[in-house]
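Now for the letters of each chain:
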Amino acid sequence: MQWSQLLGHGQQIEWFRTALTAGRMATSFLFVGPDGIGKRTFALCLAKSLLCRQSEPQMLAPCGQCEDCTQVEANTHPDLLQVAKPPEKAFLPIELLIGEREKRMRQGLCHDISLRPYGGRRKIAILDDADSLNVEGANCLLKTLEEPPLDSVLILVGTSLRRQLPTIRSRCQTIVFKPLEPSQLETLLRQTGIAETADAAREIAGWCGGSLTEARLLADPELHEFRASLLAALAAPRMPLSELSKGCGAIIDAAGKDAKARRERMKLLFRMASAFYRAVALGHSPTAGRGATSEHHQDGLLARFVDSAQDHWRSGPKGAVACWQRCLLAIEQVDRNANQSSLLEAWSTDIARLSEC
């Protein structure tokens, strides 16, 4: 992967180029933004630029052919450390940070990044799933963040500042990434084969809020059909609780027995609901300008049900925001391995109550 292949995020590229040229680049970063927009790919491109010994780091122009670049591409570079939460875990295990109990501080990311670089330039660590750091895990990182090893760079990748612990936020330089533009997403959908035609790419890009991960999931015809029924239930004058819970449970069960696949599908349906309530909240806000809901009009299906809901919405913008926040909380509860049936029942009951207050 080269910078030329990365769509979007030009502002962030220029920020790093300026910081490197001025010699003022921090050592600890927190990359935040929606899933599937290229944050981790950006981190890998940055790592390649910093490790390539055929070009100056501030140029952000790795050659792509030297041993360093080849090893980064193959995930075998000895100076590039990568840590991610195992799919079956609710939180990032501290063993990945500080080693197993009998080898504490002699293994793990915090130990490995403290070693001198093998290539003589930098030691770089990318910690994915920063949202899944619990208090214990965050505390394990404190010393590394407060006293970073010489010539090291630590990049934490998450989805939002709200989901990061204060101890992490206060010790990292935050870089915010925005969703991809529809045209950029359309290009990726064609390149990756998710959409076979330009019309299909345009339609899918309108549904998924600038996220390739979301687009890949929503390209499934079964999920597309479910999304329509979910939006219809949320927009109804009186929410059909039994049908809503049953339909959500069925679409999750259709993902099979794999726990990760089921969790991803459950989070997807909560994100669908979140997008609906966000659009309703913007449409009802007394301070919103005429263009406040323009983004959802790129998604004809969402626009239709949002407009329908606004005809009879009783709880105003405050209720819509409360429903939106309840959906975001439900996503976090999925990541904490909450029981599926209990979570669906509690969520559907809560949003029905909040939307009718």
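Criteria and cut-off values
Residues numbered from 1 in each chain as written. Predicted model: local features only at pLDDT ≥ 70, side-chain atom pairs only at ≥ 80, totals over all residues. Heavy atoms only, no water. Pairing = 2+ DSSP bridges. Helix = DSSP H or I, 4+ residues; strand = E, 2+ residues; numbered from the N terminus. Axes fitted to C-alpha atoms, helices over the stretch in contact; angles between N-to-C directions. Parallel < 35°, antiparallel > 145°, perpendicular 65-115°, else oblique. Contact = heavy atoms within 4.5 Å. Nonpolar A, V, L, I, M, F, W, Y, C, P; charged D, E, K, R; others polar. Polar contact = N/O pair within 3.5 Å; in protein donor to acceptor, adjacent residues only side chain to side chain. 1 Å grid on protein atoms, 1.4 Å probe; cavity = no way out; pocket = protein on both sides within 12 Å on 5 of 7 lines; lining within 4 Å. Points joined across faces, edges and corners; volume = space filled by probe spheres on them. Core = buried A, V, L, I, M, F, W, Y, C linked by side-chain atoms within 4.5 Å. Buried < 20%, exposed > 50% of the residue type's maximum accessible area, 1.4 Å probe, protein only. Phe/Tyr/Trp six-rings, centres within 6.5 Å; stacked < 30°, edge-to-face > 60°.

1. With respect to the sheet that holds strand 5 (residues 173-176)
Spatially, 2-3-4-1-5 is the arrangement adopted by the five strands of the open sheet, whose pairing is parallel. Of all the strands in the sheet, the pair left with one neighbour each is strand 2 (80-83) and strand 5. Neighbouring strand axes in the sheet, compared pairwise and without regard to direction, differ in orientation by 20° on average. Pairing of strand 1 (residues 28-32) with strand 4 (residues 152-158) involves five bridges; the strand directions are parallel. The residue bridging S28 from the neighbouring strand is L154, located in strand 4.

2. Thoughts on the packing of helix 15 (residues 316-335) against helix 16 (residues 340-355)
At a minimum axis distance of 9 Å, the contact between helix 15 and helix 16 shows a crossing angle of 170°. Between helix 15 and helix 16, the angle is such that the two are roughly antiparallel. Together, G319, A322, C323, R326, C327, A330, Q333 and V334 of helix 15 and L343, A346, W347, D350, I351, L354 and S355 of helix 16 make up the contact between the two elements. Tallied by class, residues from the contact of helix 15 with helix 16 come to ten nonpolar, three polar and two charged.

3. A word on unusual backbone geometry
With a phi close to 45°, L60 is a non-glycine residue in the positive phi region. Mapped onto the elements of the fold, L60 is located in the loop between helix 2 (39-51) and helix 3 (67-73). Positive phi values are uncommon outside glycine, yet D129 reaches one of about 60°. Structurally, the position occupied by D129 is in the loop between strand 3 (123-127) and helix 6 (135-146).

4. Things to note about the environment of K48
Residue placement: K48 occurs in helix 2. In this view, K48 contacts M1, Q2, P62, C69, V72 and E73; residues no more than four positions away in its chain are not counted. Here the side chain of K48 touches Q2 through a polar contact of 3.2 Å, side chain to side chain.

5. With respect to the layout of surface pockets
Roughly 230 Å³ of internal volume is contained in the second largest pocket. Taken together, 14 residues make up the lining of the second largest pocket; nearest its centre are D131, L133, R163, E332 and R336. Residues of the lining of the second largest pocket, tallied by class, amount to five nonpolar, three polar and six charged.

6. Some remarks on the nonpolar core
Judged by nonpolar contacts, the single largest core of 82 residues is most densely connected at F31, F270, F276, Y277 and W347. No other element matches the eleven residues that helix 13 (residues 259-284) contributes to this core. Setting aside chain neighbours within four positions, we find F276 in contact with L231, L234, A235, L302, F305, V306 and A309. With 23 residues, the next largest nonpolar core counts I94, A125, L156 and I168 among its residues.

7. With respect to the packing of aromatic side chains
Tallied over the entire structure, the rule returns twelve aromatic pairs. Seen from their ring centres, F42 and F177 are 5.1 Å apart, and the 75° between their planes marks the pair as edge-to-face. Of the two residues, F42 is situated in helix 2 and F177 in the loop between strand 5 and helix 8 (182-191); the sequence distance between them amounts to 135 residues. For the residue pair F42 and F177, the accessibility class agrees, reading buried in each case.

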